[in-house]
Structure formats: structure tokens, C-alpha cells
Amino acid sequence: MNEWLNDFPIFWSKIVATLTFAGGVLWTWIRPKSFIFKDAPDEKKWRDLRIWITVIMISQIVIYLYF
Amino acid sequence: MHGIDLFIVVAYLLAIPAFGFYFKRFVKDDADYFLAGRMLPWWVISMSIIGTQVGATDYVGAAGGAYRFGIAQAHYEWIGALPAMMISALLFIPYYWKAGVYTVPEFLGKRYNLAVRIIQAVLWSSWLIFFLGVLFWTSGLMLNEYLGIPVWVALLITATIVGIYTITGGLAAVAMTDVIQTLIMFIGGISLSILGLWVVGGWGAMVDKIIPTNPEHLKLFLPMDHPTYPWMGVLLGLAFVMSPAWWCCNQAMIQRTLGARSEWDAKAGMVFAMFPKMLIPVVTVLPGLIALALNPQFTGPDMDKAYPWLIKNLLPTGLAGLVFASFMAALISSVDSILNSAATLLTKDIYQRLIVKNAPNTHYLKVGRIMTLVFIVLAIILAPLTKLFPGIFVAGATMLSIFQGPTFGITLIGIYWKRATQWGGLFGLLGGVCLSSYLFFVIHWKFLYIAWWSFLASIIINVIVSYLTRPDPNEKLYGLVYGLVMKDDEMQDILTKRAEGAE
């Protein structure tokens, strides 16, 4: 089984990594807003966890495409 | 060490226990002790998570790894952590927090059965004790190396510093001191990296010095025949299994979110921790690359001397004390959290569940404090064995890779598949651990692949056995699995009953 995995060319690594980070961003934005803000004292922009995650994941996409 | 450096280190070593001891006054019962009275705000949780996760051994090991393999070492902080932290925050922590549990094994016990809970508690607490011994020994060596005091005296100093506030103040003291220690850790670590880059002539000059002799050192993904980081193993084993298992199922990581003052704080604590986590390679991996550019002479095991070499050869008076204090901060912030988590596992999952049930809360508070003291003594005893019997601790590290995949498999299925039964969970866990043991001890596979296949095996076994056994009733699963969500008042009622031990 591992030999079969070995046949994948290395450029797939960057594609999979980028899809992982981008998929993470998309997935958080389809979470209901009520779930993201559950128990939060208010719904100010800075409390939106989806924005935090988006900033981090986009930074990661840049890093993984660069290196 | 110069006078000013010594002053900084001694001031740090005195200030931390004094600050932590202050929180003793807030501890009235076991919930205060183990979960900080469920009052932790998101920013304390996030700093404590980072303080717990990054240890002094990471500094030396990651810098050595970067010296040896290059920037691929940063996978552990990036793709091998950030997506998993996001999953933990939004998929797992809400369920743990709503269930009102003290430990992850307690959650698995509610979802599956007592056997799963006990096996998980024993596996995690055994591993935490092993790791504690290693951390204590590291602290002894560091204090011996830099301050010149005997190792056994250094061990007692570490035990006293950590013991004073961990035994008395519990999770609140641990989390609050972690905030200070994480700040010190970053200030010292980033100072060293900036100074190192300045000495080497900047990023461009560093790259020019490294690339001619080490062309792969600035590539994140390495070929499939790489002995340690083949790219497929990094993605399948590290990013998709080991990292989620660590961030979603490790009591030491999860415990501070269970002490959150609200569900939002629990989630935000983990999400915000992703920011400092993303910067960790600046203080661990970058120094390894700087050391390689400045001194490419180290070979074999000596490559792990990259970080100590930088400290010894680069730092001016004053900064050496600060960096050493940051080194100690990284170490102590991991030791205190592991002590607290190990004591929680044994008190709540073993003692309260199997030995003395339904005692007053103050009784479990007393037992928790005694357990913490026992673990400190055990760690002091185990610490020197790290040197005498390294095989014991290699076994401890191996044990983690063996049960991480199956643990993540049964937790994931347990939360997101209602049909999974108690026997599916138990046999999924046991089957996965048996397979990974076989792959490790008999076939000698790389641990990244072992994690992936044992994770898959635990899921497949769980599904098969679940279909062959009787489904668990909805009443048992209420609030524990996806799709059986409670309304707020129902949840509050369950939390109150669980807190009173009346479930």
C-alpha cells in the first residue's frame, strides 16, 4: 500500500496542502453564524472566529506555496 | 553567567511561584482546582495552550532538526498543527465543553463505556508521567550547565518552583503563570533569532550560505524516499492523524478549554492560539538554520547542539539571562500543565470512578493535591533514569505514536456517528492499538504511516463491530453526538446534575 502512495509526484504535496488550508477556510464560513458566536458577549467583528481562521490559513497558503 | 544574567534568571525563578501561589485563594473545591472554576477567558486559554505545548526540549530538538533537515521541521507547527487546532476548536471542544466533563477519557467513557475510559486514562497518564521525567531531567541539566549547580539540587529547585503553585493553585495558577511564561518565551526566543539574523547578514545572506551545500533545506516538502519526512507521510500521518489526535484528544491541551467561562471562550482560546503557534518556527526552526549558516561543522547527534551553540556564541551580557529565562519558561510552563493534567486524569477517571465514589468535592480537591505531589516525587525519581535507561523513555515516546491514531479514530466516530456502539469504540481502540504495535515492533514501519493506518483500522473495526452490536439508546447519547443537540435549559440541567455527581 505504501509503495502505491510512493508513486505520487511531489508537486501533489503543495496541491494537497493548499486544498487543506483553503478547505479549512471554506468549511468555517459554512458554519452557522449562531454556532460561531454561541455564548459570545456580543457579535462584534473581532469576535468572529471565521475571520481569525481565514487570516491564519491564507498566511499558511502563502508560506506553503513559497517554500 | 554574568551578574546581570544571573539576576534576571533568579528574579524569574522567584517571581513565577510567587505569582502562581496568589491563585490559591480562589481554590475551594475540585472544580476550582482542576478546571479553574470554569472561569478562564479566551486569551488566558490560548497563551496557556502555547506555553504547555512548547517545551525546552522543543527548542533544542527543533533547532537540531532544522539544522539537519531544514525548514521541513516547521511542519510540526504549521500543517501539522494549525488545521488540527481549527478542527479541535470547532468540531471537538464544543462537545467536550457542553458535556461538562473534566477529562477527555471521561467524555469517551460517557460516549462508549467504562473500559474505554479507563484504558484511555491509563494510556495518557502513563505517557504524561514518562514525559514529565524527561522534562525534569532536562531542567536539571540546564540549570547544571548554565548555573553550575549539581543536577539533584537543580531537580529539587524545579520541583519546588512548580510544586508551590501547581499543588496549591491548580489549573488557574498553571494557566495564569503560563501567560507570563509564554510572553517571556517569545521575547527571549525572538531576540535570539533577530540577533542571529543580524550576525549572519540577514535572510538573503543566510540562504546564500545554506543552499550551495544543502539544496533541500528551504523546501517544505521532501521526496518520498526521505528517511524522516517523506511528504506523503507528513500529510497522511502528521497532518491528518497525529496532529488532530494531539490537539483534539490530549488532556494536557484540552483541559484549559474545559475550564473556559463560556463555549465561545473555549473555542476562541484554541483558535487564537493558532497565531502564536504560527510564529513558533521563528524561535525554534530559524535558530537551527542560522546556526547552520554560521557553523556548518556539526555532524550526527552533535547537530542537536545548534541551539546551545548559538546561546553560547552569540548572546551578549543581559540577553543571555533573558534567553535562559525563556528556556526555563518554556520548560516550566510544560511541566506545570502536565502535572495538573496527569493529576486530573488519575483523580477523576481512576480514583473517583473506581475507588471512592460520591465523596464531598473537597475530598477530591485534597486527593488532586496529593496526586500532584506524588507525580512531582515520581518525576524526580524517573528523571535520572532518563540517562541510565534511555530505552524506557523511547518506549514512552513510541507509546504515544501507537495509541494516537486509534484514539483519534474512536473520538471522531464517537462524536459524528450516532450508530457507533460502546463495543465498536472499545474494539476499535484495542484493534487499532494492536495493529500499530504490530506495524511498529514487527514490520518496523515509519511512525507517520503507522498513525495513518491504525487510525483507518480503528474506524473500520468500530463501524463493523457497531453494525454487529445493539445500538446505544438515544438517552445515553444525548448531548454527546452530532445531531442530538440539547437546548440551553436542558444542557444546564444536565451540567448541574453532573456537577453534583447525580447523573
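For the structure given in this document, a descriptive report is provided here. Model, not experiment: these values are computed from the prediction.

**Comments concerning the side chain of Glu263(B)**
Item 1. Within the secondary structure, Glu263(B) is located in helix H12 (residues 263–272).
Item 2. Ignoring any residue separated from it by four or fewer positions in sequence, one finds Glu263(B) in contact with Phe35(A), Lys38(A), Asp39(A), Pro94(B), Trp97(B) and Lys98(B).

**Some details on the pattern of salt bridges**
Item 1. Enumeration according to the criterion identifies 14 salt bridges over all chains in this entry.
Item 2. Its salt-bridge partner being Asp42(A), residue Lys44(A) comes within 4.0 Å of it at the nearest N-O pair.
Item 3. Overall, the relative accessible area of 49% leaves Lys44(A) in the partly exposed class.
Item 4. Residue Asp42(A) is classed as partly exposed on the basis of its relative accessible area, which comes to 24%.
Item 5. The shortest N-O distance in the salt bridge between Arg261(B) and Asp265(B) comes to 3.2 Å.

**Observations concerning the packing of helix H4 (residues 49–66) of chain A against helix H5 (residues 82–99) of chain B**
Item 1. It is the contact of H4(A) with H5(B), at a shortest axis distance of 11 Å, that shows an interaxial angle of 165°. Here H4(A) is positioned roughly antiparallel relative to H5(B), judged by the angle of their axes. In the crossing of H4(A) with H5(B), the sense of the turn from one axis to the other is left-handed. Here H4(A) contributes Leu49(A), Ile53(A), Ile56(A), Met57(A) and Gln60(A) to the contact with H5(B), which in turn contributes Leu82(B), Pro83(B), Met86(B) and Leu90(B).
Item 2. When grouped by side-chain class, the residues that make up the contact of H4(A) with H5(B) number 8 nonpolar, 1 polar and no charged.

**Structural notes on the packing of aromatic side chains**
Item 1. Applying the stated rule across the entire model yields 39 aromatic pairs over all chains.
Item 2. When the centroid spacing of 6.2 Å and the interplanar angle of 85° are considered together, the rings of Trp46(A) and Trp264(B) count as edge-to-face. Taken as a pair, Trp46(A) in the loop between helix H3 (33–36) and H4 and Trp264(B) in helix H12 lie in two separate chains rather than in one.
Item 3. By relative accessible area, which is 40% here, Trp46(A) ends up partly exposed.
Item 4. When the centroid spacing of 5.8 Å and the interplanar angle of 75° are considered together, the rings of Tyr22(B) and Phe26(B) count as edge-to-face.
Item 5. Note on Tyr22(B): relative accessible area 40%, which makes it partly exposed.
Item 6. The class for Phe26(B) is partly exposed, based on a relative accessible area of 45%.
Item 7. Three or more aromatic residues link up through ring pairs in this structure, and these residues are Phe92(B), Tyr96(B), Phe107(B), Phe408(B), Trp452(B), Trp453(B) and Phe455(B).
Item 8. Directly above the ring of Tyr102(B) sits Lys348(B), whose terminal nitrogen or CZ lies 3.9 Å from the centroid.
Item 9. Lys348(B) extends its terminal NZ or CZ atom over the ring of Tyr364(B), reaching a point 5.4 Å from the ring centre.

**What to know about the environment of Ile161(B)**
Residue and element names in this part refer to chain B.
Item 1. By the element assignment, Ile 161 lies in helix H8 (residues 151–200).
Item 2. A residue is classified by how much of its surface remains accessible, and Ile 161, at 7% relative accessible area, is buried.
Item 3. Considering only alpha carbons, one finds Ile 161 and Ile 16, 145 residues apart in sequence, at a separation of 7.6 Å.
Item 4. Excluding its chain neighbours within four sequence positions, the residues that come into contact with Ile 161 are Leu 13, Pro 17 and Ile 332.

**Re the nonpolar core**
Item 1. In terms of nonpolar packing, the biggest core is built from 199 residues, with Tyr64(A), Tyr12(B), Phe107(B), Trp247(B) and Ile332(B) touching the most fellow members.
Item 2. Looking at this core element by element, the count peaks at 19 residues for H8(B).
Item 3. Ignoring anything within four residues of it in the chain, the contact list for Trp247(B) reads Ile49(B), Gln53(B), Gly80(B), Ala81(B), Ala84(B), Met85(B), Ser88(B), Met253(B), Ile254(B), Met270(B) and Lys277(B).

**Let's talk about the interface of chain A and chain B**
Item 1. Facing 36 residues of chain A, the contacting portion of chain B comprises 39 residues.
Item 2. For the chain A and chain B pair, buried surface summed over both sides reaches about 3,500 Å², with 78% attributable to carbon and sulfur atoms.
Item 3. In this assembly, chain A and chain B are joined by 0 salt bridges.
Item 4. Our enumeration of links across chain A and chain B arrives at 7 residue pairs in polar contact (both at pLDDT 80 or more).
Item 5. Put simply, the parts of the chain that give the side of chain A that touches chain B at least two residues each are helix H1 (2–6), helix H2 (11–29), H3 and H4 of chain A.
Item 6. Within the side of chain A that touches chain B, the residues separate by chemical class into 24 nonpolar, 8 polar and 4 charged.

**Some words on helix H6 (residues 104–111) of chain B**
A turn of α-helix holds 3.6 residues, and therefore any two residues three or four places apart point the same way.
Item 1. For H6(B), a buried count of 8 out of 8 residues is recorded, marking the element as mostly surrounded by other parts of the structure.
Item 2. Taken together, the buried positions of H6(B) are occupied by Val104(B), Pro105(B), Glu106(B), Phe107(B), Leu108(B), Gly109(B), Lys110(B) and Arg111(B).

**Remarks on the side chain of Ser262(B)**
Item 1. Looking at the secondary structure, you find Ser262(B) in the loop between helix H11 (251–258) and H12.
Item 2. Polar side-chain contacts of Ser262(B) include one of 2.6 Å to the side chain of Asp265(B).

**With respect to unusual backbone geometry**
Item 1. One non-glycine residue, Ala36(B), adopts positive backbone phi at about 55°.
Item 2. In this fold, Ala36(B) is placed in the loop between helix H2 (30–35) and helix H3 (42–53).

How each quantity is defined
Residues numbered from 1 in each chain as written. Chains lettered and ligands numbered in written order. Predicted model: local features only at pLDDT ≥ 70, side-chain atom pairs only at ≥ 80, totals over all residues. Heavy atoms only, no water. Helix = DSSP H or I, 4+ residues; strand = E, 2+ residues; numbered from the N terminus. Contact = heavy atoms within 4.5 Å. Salt bridge = Lys/Arg side-chain N within 4 Å of Asp/Glu carboxyl O. Buried < 20%, exposed > 50% of the residue type's maximum accessible area, 1.4 Å probe, protein only. Axes fitted to C-alpha atoms, helices over the stretch in contact; angles between N-to-C directions. Parallel < 35°, antiparallel > 145°, perpendicular 65-115°, else oblique. Left-handed = near helix turned anticlockwise from the far one by under 90°. Nonpolar A, V, L, I, M, F, W, Y, C, P; charged D, E, K, R; others polar. Phe/Tyr/Trp six-rings, centres within 6.5 Å; stacked < 30°, edge-to-face > 60°. Lys NZ or Arg CZ within 6 Å of the ring centre and 35° of its normal. Core = buried A, V, L, I, M, F, W, Y, C linked by side-chain atoms within 4.5 Å. Buried area = accessible area lost by both parts, 1.4 Å probe. Polar contact = N/O pair within 3.5 Å; in protein donor to acceptor, adjacent residues only side chain to side chain.

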